[in-house]
Amino acid sequence: MISRAQRTPIGEWWWTVDRLTLAAIGALMLAGVVLSLAASPPVAGRLGLEPFYFVNRHIFFLFPTIAILLGVSFLTPRQIRRLSLVVFAISLVMVAATPFFGQEIKGAKRWLVIAGVNIQPSEFLKPAFVILIAWLFGESAKRPEMPANTIALALLLAVVALLVIQPDFGQTMLIVLVWSALFFMAGMRVIWMFGIAGAAGFGLLVAYYTVPHVTSRIQRFMNPAAGDTFNIDVATESFMRGGWFGRGPGEGTVKRMLPESHTDFVFSVAAEEFGVALCLALVALFSFIVVRALIRAMRNEDPFCRFAAAGLTMLFATQSAINMAVNLHLIPAKGMTLPFISYGGSSMLSLAYGMGMLLALTREQPRGAMLTAPGLELRTT
């Protein structure tokens, strides 16, 4: 047991960190291992790999994932800002280099091969971008003379332009949504929100008429007869096949037909083999993390911590919702991993970085420390 009287870094961390959220994240990681065992062996077999290739790699990536999650959760807000600036700068350079040196997969260049390891730089760009935008909006609230909003808009346009070149419209949509939400939280005028929504709609319209695979996906979503919808049809049928309690571990068929059953469609595998009951349990876990984090963010008196925690939470929530919505055919198909559940090294490590920062930013601060923090003075009567 760790005593409250122990003034050690670990003791202070343990009694201030949100242990329930930490436990919920651990439960998602455990569910990810179980679902990797269920979904990935057929995929490995089709690729000529040994059956547990993806399972072993998933477990291998868990060790640095846990280390990053816990290590980052010890940081102070100032350290988080500094680290995010470095991560953002490196990731932005890597994202800019990806169209020229990246590995092309299904018509898109989103991966860099470094020392034999595939890295998706945009995954690490997202949480660092959220922190920088939260800092800018926080500074704008405290120092109106600072051109923080202009800088934030310039960063958004730069990131969006680099992602569209790849092209990666899923990550682009995710970043624009989170940026817009933080922009709204910062108290910006409604007219600006309508302007951003109009610009986003215009961008989607341009993508629809100029990018073939975007056109195809939207048309197939609106009219299934317009093209091949086999993957989505199989994924949605898995919820009917599984029923409430599933067909049993290893008894599913969807994983033998879908090429991305261990990544984009792992939620469908869970539905068929373990039932809608497990899917609802996963939704409950995601919802618990999101609601609890937003409540703790709302109680934080520091604008930066409040914006950053809310932005990271919305990033996590939106990515989760997009993956599940695709599996249920509620939105057009988009390659987006289910946090801590889907296979993917870059995704798991970036999520650990983001959620580690969220845990750090939502740690409880003693009242005395808040009153003596820089910029705050004790009031006397």
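All values derive from a computational prediction rather than experimental measurement.

### Here's the deal with the overall build of the chain
Consideration 1: For the chain, the count of helices and strands is 14 helices and three strands.
Consideration 2: Relative to the compact-globule value of 21 Å for 381 residues, the chain shows a C-alpha radius of gyration of 22 Å, a close match.
Consideration 3: In the chain, which comprises 381 residues, the share counted as buried stands at 47%.
Consideration 4: Here the analysis covers contacts within the chain between residues at least 6 apart in sequence; of these, 70% occur between residues at least 24 apart.
Consideration 5: Total accessible area on the chain is roughly 18,700 Å²; 69% of this is exposed by carbon and sulfur atoms.

### A short note on the pattern of salt bridges
Consideration 1: Enumeration according to the criterion identifies eight salt bridges in this entry.
Consideration 2: For Lys 126, the salt bridge is made with Glu 123, and the minimal N-O distance between the two is 3.1 Å. Placement of the pair is Lys 126 and Glu 123 together in helix α5 (residues 121-142), with a separation of three residues, close to one helical turn. Per residue, the accessibility class of Lys 126 equals that of Glu 123, and both read buried.
Consideration 3: Linking Lys 255 and Glu 273 is a salt bridge whose minimum nitrogen-to-oxygen distance equals 2.7 Å. Separated by 18 residues along the polypeptide, Lys 255 in the loop between α10 (230-242) and α11 (266-299) and Glu 273 in helix α11 bring together distant segments of the chain. Glu 273 carries the same exposure label as Lys 255, and that label is buried.

### Section: the packing of aromatic side chains
Consideration 1: Under the defined criterion, the tally for this structure stands at 11 aromatic pairs.
Consideration 2: Judged by centre distance (5.8 Å) and plane angle (55°), the ring pair of Phe 137 and Phe 183 falls under tilted. In this pair, Phe 137 sits in helix α5 while Phe 183 sits in helix α7 (residues 169-185), placing the two residues 46 residues apart along the sequence. As far as burial versus exposure is concerned, Phe 137 and Phe 183 are alike and both buried.
Consideration 3: Ring centres of Phe 239 and Phe 267 lie 5.8 Å apart, and the angle between their planes is 55°; on these two criteria the pair is classed as tilted. In this pair, Phe 239 is assigned in helix α10 and Phe 267 in helix α11, connecting sequence segments 28 residues apart.
Consideration 4: Taken together, Trp 13, Trp 14 and Phe 74 form an aromatic cluster joined through their ring pairs.
Consideration 5: Looking at Arg 81, its charged tip hangs above the ring of Phe 304, at a distance of 4.8 Å from the centre.
Consideration 6: One cation-aromatic arrangement involves Arg 306 over Phe 307; the distance from NZ or CZ to the ring centre is 5.7 Å.

### A word on α10
Consideration 1: Over its 13 residues, α10 runs 18 Å from end to end, which matches the ideal 18 Å to within 8%, given 1.5 Å per residue.
Consideration 2: Every buried residue of α10 is accounted for by Ile 232, Val 234, Ala 235, Ser 238, Phe 239 and Gly 242.
Consideration 3: Where α10 is buried, its residues contact α11 and α12 (303-327).
Consideration 4: A positive backbone phi angle near 65° is found at Gly 243, which sits one or two residues after α10.

### Some details on the packing of α10 against α11
Consideration 1: Two elements in contact, α10 and α11, have axes whose closest approach is 8 Å; the angle formed by their N-to-C orientations is 40°. With respect to each other, α10 and α11 are oriented oblique. At the point where α10 passes α11, the crossing takes the right-handed sense. Between α10 and α11, the contacting residues are Ala 235, Ser 238, Phe 239, Arg 241 and Gly 242 on the first element and Phe 267, Ser 268, Ala 271, Glu 272, Gly 275, Val 276 and Cys 279 on the second.
Consideration 2: When grouped by side-chain class, the residues that make up the contact of α10 with α11 number six nonpolar, four polar and two charged.

### Here we look at the environment of Gln 219
Consideration 1: Counting through the fold element by element, Gln 219 comes out in helix α9 (residues 212-222).
Consideration 2: Note on Gln 219: relative accessible area 33%, which makes it partly exposed.
Consideration 3: As a C-alpha pair, Gln 219 and Val 17 span 202 residues in sequence and 46 Å in three-dimensional space.

### Side note on the side chain of Ser 238
Consideration 1: Here Ser 238 is to be found in helix α10.
Consideration 2: At a separation of 2.4 Å, a polar atom in the side chain of Ser 238 contacts the main-chain carbonyl oxygen of Ala 235.
Consideration 3: Setting aside chain neighbours within four positions, we find Ser 238 in contact with Val 254, Ser 268, Ala 271 and Glu 272.

### What to know about the confidence of the model for the chain
Consideration 1: Per-residue confidence for the chain averages 84 on the pLDDT scale, and 90% of its residues sit at or above 70.
Consideration 2: The low-confidence segment residues 368-381, where pLDDT is below 50, has six contacts with residues more than four positions distant or belonging to other chains.

Cut-offs and rules
- Residues numbered from 1 in each chain as written.
- Predicted model: local features only at pLDDT ≥ 70, side-chain atom pairs only at ≥ 80, totals over all residues.
- Heavy atoms only, no water.
- Helix = DSSP H or I, 4+ residues; strand = E, 2+ residues; numbered from the N terminus.
- Rg over C-alpha atoms; globule rule 2.2 N^0.38 Å.
- Buried < 20%, exposed > 50% of the residue type's maximum accessible area, 1.4 Å probe, protein only.
- Contact = heavy atoms within 4.5 Å.
- Areas by Shrake-Rupley, 256 points an atom, 1.4 Å probe, with all protein chains shown as cover.
- Salt bridge = Lys/Arg side-chain N within 4 Å of Asp/Glu carboxyl O.
- Phe/Tyr/Trp six-rings, centres within 6.5 Å; stacked < 30°, edge-to-face > 60°.
- Lys NZ or Arg CZ within 6 Å of the ring centre and 35° of its normal.
- Expected span 1.5 Å × (residues − 1).
- Axes fitted to C-alpha atoms, helices over the stretch in contact; angles between N-to-C directions.
- Parallel < 35°, antiparallel > 145°, perpendicular 65-115°, else oblique.
- Left-handed = near helix turned anticlockwise from the far one by under 90°.
- Nonpolar A, V, L, I, M, F, W, Y, C, P; charged D, E, K, R; others polar.
- Polar contact = N/O pair within 3.5 Å; in protein donor to acceptor, adjacent residues only side chain to side chain.
- pLDDT = per-residue confidence, 0-100.

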